[in-house]
Every structure is written in C-alpha cells, then in structure tokens.
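Listed here are the chains, written in short residue letters.
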Amino acid sequence: MKKSAALTTTFFATLTMLLTACGGANNGTNVSNTSPNPTTNNATATTNTSSAIPIGIAFAQTSNVALLGQEQVAGAKIAEKYFNDKGGINGTPIKLVFQDTSGDENGAINAFQSLINKDKVVGIVGPTLSQQAFSADPVADRAKVPVLGASNTANKIPEIGDYVARVSAPVSIVAPNSVKAALKQNPNIKKVAVFFAQNDAFSKSETEIFQKTVKDQGLELVTVQKFQTSDTDFQSQATNAINLKPDLVIISGLAADGGNLVRQLRELGYKGLIVGGNGMNTSNILPVCKALCDGVLIAQAYSPEHPGEINSTFRKVYTDQYKKEPPQFSAQAFAAVQVYVEALQALDKKSKVNKLALPQLRNELNKQLLAGKYNTPLGEIGFTPVGEVVQKDFYVAQIKMDKDGSQGKFAFLK
C-alpha cells in the first residue's frame, strides 16, 4: 500500500477542506439520458447490477479546459459502447455517469462528491487537470473510491493516496522526448526560452522537467517567462524572449493560452522551433493559432498508428465519427474505462460483483485494477504498486498545417 503517501494525502485533504464548496462548476451535468442509482443510501447494501454498473467520468465540459475535456468525453463514450457491445461485465453492461468538473478545483471536488455520494459509482475516471487532481483525488481517497487519472501527468499524482492511480504517463518520462526531437531537427540549437502557466499545477511541474532537460542537453536557458492560463495578450513576454534571440521556445500551458502564445510569437517575428507541452496536445489548438501552428513539436503517449486490434477498432470508430485522427486525450480516456471494465470482469469471475457491498466492491476493484495487465490503444500497460502507469511506447508529433490554416494534423516523426 501507499503508506509513503500519507503525509501528502493529509496535506491535500486539509487543503480541500479550506476550499469553498460553491462556484466554478456546472455541478450535476450528466451527459447520460438517465442517472443510475444502483444502491440504496445504506452503505452496506449490495451493488444492484441488474441494470448497469456505474463508472464515474469527471471531465471538464465547460470553461477553457473544455477543449481538452471534450476529447476525453469522446474517448470514454466510444469505450462504453465498445465494451457493452462485447458483453460488458460478463453479461452486465456498464453505465458511464458524467459530471462536469469545469476548469477549477472546486468544480472537480463537487463532481467527485456527486459521483461518490449521489451516483454511487464503483470508481472514477478523471479529473482533466493535475491541478484539479491534487484537490479532488483526496476526496475519493478518503471515501475509498478508486480514481484513475486519464490526463494527470504531474509528478506525485499516484502518491496522493492508496486509491489513486493513472493511465497517463508522467511528464518526467514524456516531455524530454520533444526537446530531443527538436535537437535532431536542428543540431545548432544553443539558446532556449521557456514559457509556463504559473497558475496551473501541471504546467509548473512540466516546466521543471523541460528546464532540467535543457540543462542536461548542455543548452543555455536564456529566460523563463510566466503567464496565466486565462491570458490572451502575450506581447510583453514574447518580446522579452525574442530580444534574447532564442533558437528554441518551449511552452507549458493549455490549448487556448498556448495557441495564442504561439500565434503572437510568430507574429512578432520568431522563426525558430517551438515545443509545446502536454496541455497543448490537442487538435483544438489548431483553430487558435491556425497556419502559425505549423511546426510545433509535442511529445505523445499515444499514436493512432500503434499496432493492435483494439487500437485499430478505436481509431476507426473515432475517425468515422469525428472525421479526424483520435488524439491522445481520447485514447487515454478510452484506456481508463477499459482498465475498469477488465478489472471488473476479472473480479466478477472470483466473486460476483452484484453480491458485494459497495464499499467492499470499491476496495476489491482498487486492488484488482492495480494487479492487471491491459492491452489498450496506448499499447500494453500495467501499474506499479503505488499506482503509476507502466508503459513502453512513446512518440513525438509535429503539427503540419495547410498554408491557409484551414486544416492541420499531428504528423508523427520517425
């Protein structure tokens, strides 16, 4: 068990209690037509799975973070249909219960509380941001409800508590690949400018990895510029950086702010390579910077071209529905739902889940999911005892835009 995380969990539990409980979220938003309530209010009641087994999905469907959350919702819905079509949990379907986390900590806390106490889910996928996870995950951990982060890549996420794990590889493993790809494209890179969103926990964590990678590669870090995810004007920071003549710019932010920063850097005359962080790893950035997105490098934990039957099926369903290649955030959301489904299937074969009291089911499910191996669209994944994902395959993609900026794609580098 994760006893080493006790102090961390206590700290974040205290922080959660200090946060106000209102505002920020469109609490109670449920994308499903029905809101399954498979248990009574008696915590010792057995789980009624005669209709469906509820799995909570806590993603941002409103706010500026919705550019990422909408991709996650798409991946989760594809997984729901895919696994129900294959028989669900040994004949019993799953039912995804969606709650909107919005873009802040309070929104994630409210969504988690609703899923745990009202919807009586067996486990939760989410939230969208690492910043939200540090506040909301302790809520689930105290309630002994399993949480799988599908896009939480900041350091120390699994260490939040015994019931917290993630399918999203940590930034410390993924981020350096894009810097190395930039050096491969331009071996003459010497000077690097770094930008990061100081109000976002993930961006702050990611920029530390980027800055360490810059130094490890023997490059000169000429400036570190800070901004807010809510900013739209980056003229001052961009000008300050350009005046130092960097050969490479690295940005840790989200789709809207990161895309605007890319656009303004190009408009001000910067012509060097740009590396974007994981928060910019979405096709929703393309309408923001349009033709000026061209050439941005972003490390990936998923490739649509990854071999394997389940990824081929997922890719086809996604492209048929959305007329574009599936992004990493959708694939990771699919993988998180898959982990729950296959862990429930394995558990059901040992002791029928509809005979277990809900607290016991949550506890046994948490142990089962950590013990399994899963052949997902991301490739084969598993977990360490602390809940960290174990994944082999990583990639780097470069944005390629049409000259008029109307269309673009993520082209994976060899």
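Located above this text is the structure these notes cover.
Rules behind the numbers
Each chain has its residues counted from 1, running along the sequence as written. Predicted model: local features are reported for residues with pLDDT of at least 70 only, side-chain atom pairs are reported and counted for 80 or more only, and whole-chain, interface and lining totals are derived from all residues. Only hydrogens and water are set aside; all other atoms, that is, all heavy atoms of the structure, feed into the side-chain values. Secondary structure counts use DSSP, requiring at least four H or I residues in a row for a helix and at least two E residues in a row for a strand, with both numbered from the N terminus. Relative accessibility under 20% of the residue-type maximum defines a buried residue, over 50% an exposed one, and the middle range a partly exposed one, all with a 1.4 Å probe and only protein chains included. It only takes one pair of heavy atoms within 4.5 Å for two residues to be counted as in contact. Computed with a 1.4 Å probe, the accessible areas rest on the Shrake-Rupley method; for each residue, only the protein chains presented here act as cover. Stacked, edge-to-face and tilted labels apply to pairs of Phe, Tyr and Trp rings (six-membered ring for Trp) whose centres lie within 6.5 Å, assigned for plane angles under 30 degrees, over 60, and everything in between, in that order. For two strands to pair, DSSP has to find at least two bridges joining them. Simply put, an axis is a line fit to the C-alpha atoms, just over the touching stretch for a helix, and the angle between two N-to-C directions goes from 0 to 180 degrees.

### Observations concerning the overall build of the protein
In terms of regular secondary structure, the protein is built from 13 helices and 15 strands. Sorting the 414 residues of the protein into buried and exposed places 59% on the buried side. Partitioning the contacts of the protein with sequence separation of at least 6, the portion at a separation of at least 24 is 72%. For the protein, the accessible area works out to roughly 16,300 Å², and carbon and sulfur atoms hold 51% of it.

### Quick notes on the packing of aromatic side chains
All told, the structure shown has 10 aromatic pairs when counted by the stated rule. On the numbers, 4.6 Å between centres and 35 degrees between planes, the contact of Tyr318 with Tyr322 is tilted. One end of the pair, Tyr318, and the other, Tyr322, are both in helix 11 (residues 309-322), four residues apart, so they sit about a helical turn from each other. Judged by its relative accessible area of 2%, Tyr318 falls in the buried class. Aromatic side chains Tyr395 and Phe412 sit 6.1 Å apart centroid to centroid with 85 degrees between the ring planes, which places their arrangement in the edge-to-face category. With Tyr395 in strand 14 (residues 395-401) and Phe412 in strand 15 (residues 408-412), this pair connects stretches of sequence that are 17 residues apart.

### Description of the sheet that holds strand 8 (residues 248-252)
Each strand in a sheet pairs with another by means of backbone hydrogen bonds, the pair being arranged parallel or else antiparallel. With respect to topology, seven strands assemble into an open sheet ordered 7-6-8-9-10-14-15, the strand pairing being mixed. Both outer strands of the open sheet, strand 7 (220-227) and strand 15, are each paired with one neighbouring strand and no more. Taking each pair of neighbouring strands and ignoring which way they run, the sheet shows an average axis angle of 25 degrees. Where helix 6 (residues 176-185) meets the sheet, it contacts strand 8, strand 9 (273-276), strand 10 (297-300) and strand 14, and its direction lies at approximately 135 degrees from that of strand 10.

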